Amino acid sequence: MSLSARGAALAGQPGHGLPTEHTFDRDTNPDGLIAPAYAINIPIKREHFHFDWPANGGPGLRAALATHFNDNFHPHVPVLPEHIIIGEGATSIVEILAFALMGPGDGVLMSRPAYAGYKKDFAKRANVKICWVETSAEESLDPQALIAAYEKALARSHEQGIAIKAVLITNPNNPLGRCYPRATQLAIMAFCHAHNLHLISDEIFGATEFSSHLSPSPSSPGSTADRTPFTSILSIPQSSTQLSLSRRHVIYGLAKDFGAPGLRIGALVSQSNPELLSSAHEMLRFHDVSGPSVAIATAMLEDREWCKAHLDKTRRGLARAYEHATRGLEELGIEYVKGGCAGFFVFLDLSPFLPLVDEGSDLKTQTEEEGPSAAEVALVRKLVDHGLYLAPRGESYGKPGWFRFVFSHEPHVIDEALRRLKKVIAP
């Protein structure tokens, strides 16, 4: 049976043909592939859960999530259960927002470097385009440079006939592992107000910020010097910006802070837009969460003592892992974006090690929008040959040769990953 046009567009899309599954185990598979490319937090699970079966997230989960936001994101206006929509993971919340706020062919501004998966999340079914804003890693967090780049991207999009409806940020930033300064967020809000745009802040890594647990020594690669703590857009009062609360929306989920991607729990927080919440609620028919997941997540979040202990343990562990990984990178002489204090990753510059590729080879050169370049694929193939996988162009960035390296693994795994990396870049 033939597919519809939209079904055919999703089928048979090419991949890069590289193995990606993390199979390394020190005892059972010491030669297995190490894949520090995925932002996965080792889950810490409770021994017991109490189950019930509320529908559409239920008042229990929404109330528990509201308490979690109020405890950890310090909102200026307290988050209430009625401000929250529960969906089947953060990706579902992205799609709900795309359908509710944008029409087919409309666009969203997002600065690079950024998690490239948003392009699929907005486009696959909602037909909304991510319009990339060309910034360097440093410019993407600097208010003056960022807004200047936004203005250029907005003008370019209008010339192309794309109506921009929103600005999307990930805070803490994925893949930089850094947080947006408050001044930058205020500048983004002013830009959104001036152009009548929504601001969507994906804060799924918000409770991982670990700067207070880093070494106090300025000479340490993991020191607290020049680090910006996490500031949620929920915490910025209306008196500080002209951007209405009705145009500020937060995406959240339990996959990162709680290491529980399998629960498929995502949340939208919008504090002054009942029309959006009503529209989003109607779309839950296609994005609802299973009863067991709701029950487990509710039990987790209602136990505030456990939540606090879990998040404290997670932050301490991430700080140690960050310092361990960056120390190893420093010893290898590999450049990376400094100042990380949140999330599970550092952004590596492996461009000096990109091989020269014969244009006539089977590694056809591709544009950035099409995917990784031939040289990037060639480097990753060399890495895979040595038992290490990093995602080629897994993050959207204008500069080739940059890779996200996830450090939230046991120290011996990171040590082995860096040993294998060294064999490729310094044979």
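Cut-offs used in this document
Residues numbered from 1 in each chain as written. Predicted model: local features only at pLDDT ≥ 70, side-chain atom pairs only at ≥ 80, totals over all residues. Heavy atoms only, no water. Helix = DSSP H or I, 4+ residues; strand = E, 2+ residues; numbered from the N terminus. Buried < 20%, exposed > 50% of the residue type's maximum accessible area, 1.4 Å probe, protein only. Contact = heavy atoms within 4.5 Å. Areas by Shrake-Rupley, 256 points an atom, 1.4 Å probe, with all protein chains shown as cover. Pairing = 2+ DSSP bridges. Expected span 1.5 Å × (residues − 1). Core = buried A, V, L, I, M, F, W, Y, C linked by side-chain atoms within 4.5 Å. Salt bridge = Lys/Arg side-chain N within 4 Å of Asp/Glu carboxyl O. pLDDT = per-residue confidence, 0-100.

Draft legend 1. Seen up close, the overall build of the chain. When its secondary structure is counted, the chain shows 11 helices and 12 strands. Per-residue burial over the chain gives 55% buried out of 427 residues. A fraction of 74% describes how many contacts in the chain between residues 6 or more apart in sequence connect residues 24 or more apart. In the form shown here, the chain has an accessible surface area of approximately 18,600 Å², with 53% of it arising from carbon and sulfur atoms.

Draft legend 2. Inspection of the pairing of strand S4 (residues 129-133) at higher detail. Most of S4 sits out of view: four of its five residues are buried. Two strands pair when backbone bridges link them, and strand S2 (residues 107-111) and S4 are joined in this way by five bridges, in the parallel orientation. From the neighbouring strand, Leu 109 faces S4, where its bridge partner is Cys 131.

Draft legend 3. Highlighting unusual backbone geometry. Residue Pro 113 is bonded to the preceding Arg 112 through a cis peptide linkage, with omega at -5 degrees. Structurally, Pro 113 is set in the loop between S2 and strand S3 (114-115). The residue Arg 264 is not glycine, and still its phi comes out positive at about 55 degrees. With respect to the helices, strands and loops of the structure, Arg 264 is situated in the loop between strand S7 (248-253) and strand S8 (266-269). Phi at Arg 393 is positive, roughly 55 degrees, even though this residue is not glycine.

Draft legend 4. Looking closely at the pairing of strand S12 (residues 402-406). Counting buried residues along S12, five of its five residues qualify, which places the element largely inside the surrounding structure. As judged from the five bridges shared by strand S10 (residues 345-349) and S12, these two strands associate in the antiparallel manner. The residue bridging Phe 347 from the neighbouring strand is Arg 404, located in S12.

Draft legend 5. Local environment of helix H3 (residues 90-101). Over its 12 residues, H3 runs 16 Å from end to end, which matches the ideal 16 Å to within 8%, given 1.5 Å per residue. With nine of 12 residues buried, H3 lies mostly within the body of the structure. Of the residues making up H3, those classed as buried are Ala 90, Ser 92, Ile 93, Val 94, Glu 95, Ile 96, Leu 97, Ala 98 and Leu 101.

Draft legend 6. Layout of helix H2 (residues 58-72). Over its 15 residues, H2 runs 22 Å from end to end, which matches the ideal 21 Å to within 8%, given 1.5 Å per residue. Residues of H2 that are buried: Gly 58, Leu 61, Ala 64, Leu 65, Ala 66, His 68, Phe 69 and Asn 72. On its buried face, H2 is in contact with strand S1 (84-87), S7, S8, helix H8 (291-302) and helix H9 (304-332). Once H2 finishes, His 74 follows within two positions and takes phi at roughly 50 degrees, a positive value.

Draft legend 7. Broad picture of the nonpolar core. Membership of the largest hydrophobic core comes to 136 residues, with the highest contact counts inside it found for Leu 109, Phe 122, Tyr 150, Val 167 and Ile 188. Here this core takes nine residues from H9, the largest share from any one element. The contact partners of Phe 122, leaving out residues within four places of it in the chain, are Val 94, Ala 98, Met 102, Val 108, Asn 127, Val 128, Ile 130 and Leu 168.

Draft legend 8. Local environment of the environment of His 324. Residue position: His 324 is located in helix H9. When the C-alpha atoms of His 324 and Phe 407 are compared, they prove to be 8.5 Å apart, with 83 residues separating the residues in sequence.

Draft legend 9. Representation of the sheet that holds S10 in the model. With antiparallel pairing, three strands are arranged side by side in an open sheet as S9-S10-S12. One side of each edge strand has no neighbouring strand; the edge strands of this open sheet are strand S9 (335-336) and S12. Examined bridge by bridge, S9 and S10 share two bridges and lie antiparallel to one another. If you follow Glu 335 over to S10, its bridge partner there is Asp 349.

Draft legend 10. Representation of the pattern of salt bridges within the structure. Within the structure shown, the criterion is met by 11 salt bridges. Between Arg 112 and Glu 134 there is a salt bridge, with the nearest N and O atoms lying 2.8 Å from each other. In this pair, Arg 112 is assigned in the loop between S2 and S3 and Glu 134 in the loop between S4 and helix H5 (143-159), connecting sequence segments 22 residues apart. The buried category is assigned to Arg 112, whose relative accessible area is 4%. Note on Glu 134: relative accessible area 46%, which makes it partly exposed. Counted as one network, the salt bridges with shared partners bring together Lys 308, Asp 312 and Arg 315.

Draft legend 11. Inspection of the confidence of the model for the chain at higher detail. Chain-level pLDDT for the chain is 88 on average; 86% of the residues reach the 70-or-more range. Contacts from residues 42-54, a stretch scored under 50 in pLDDT, to residues over four places away or in other chains number 24 contacts. The low-confidence segment residues 360-367 (pLDDT under 50) makes 13 contacts with residues lying over four places distant or belonging to another chain.

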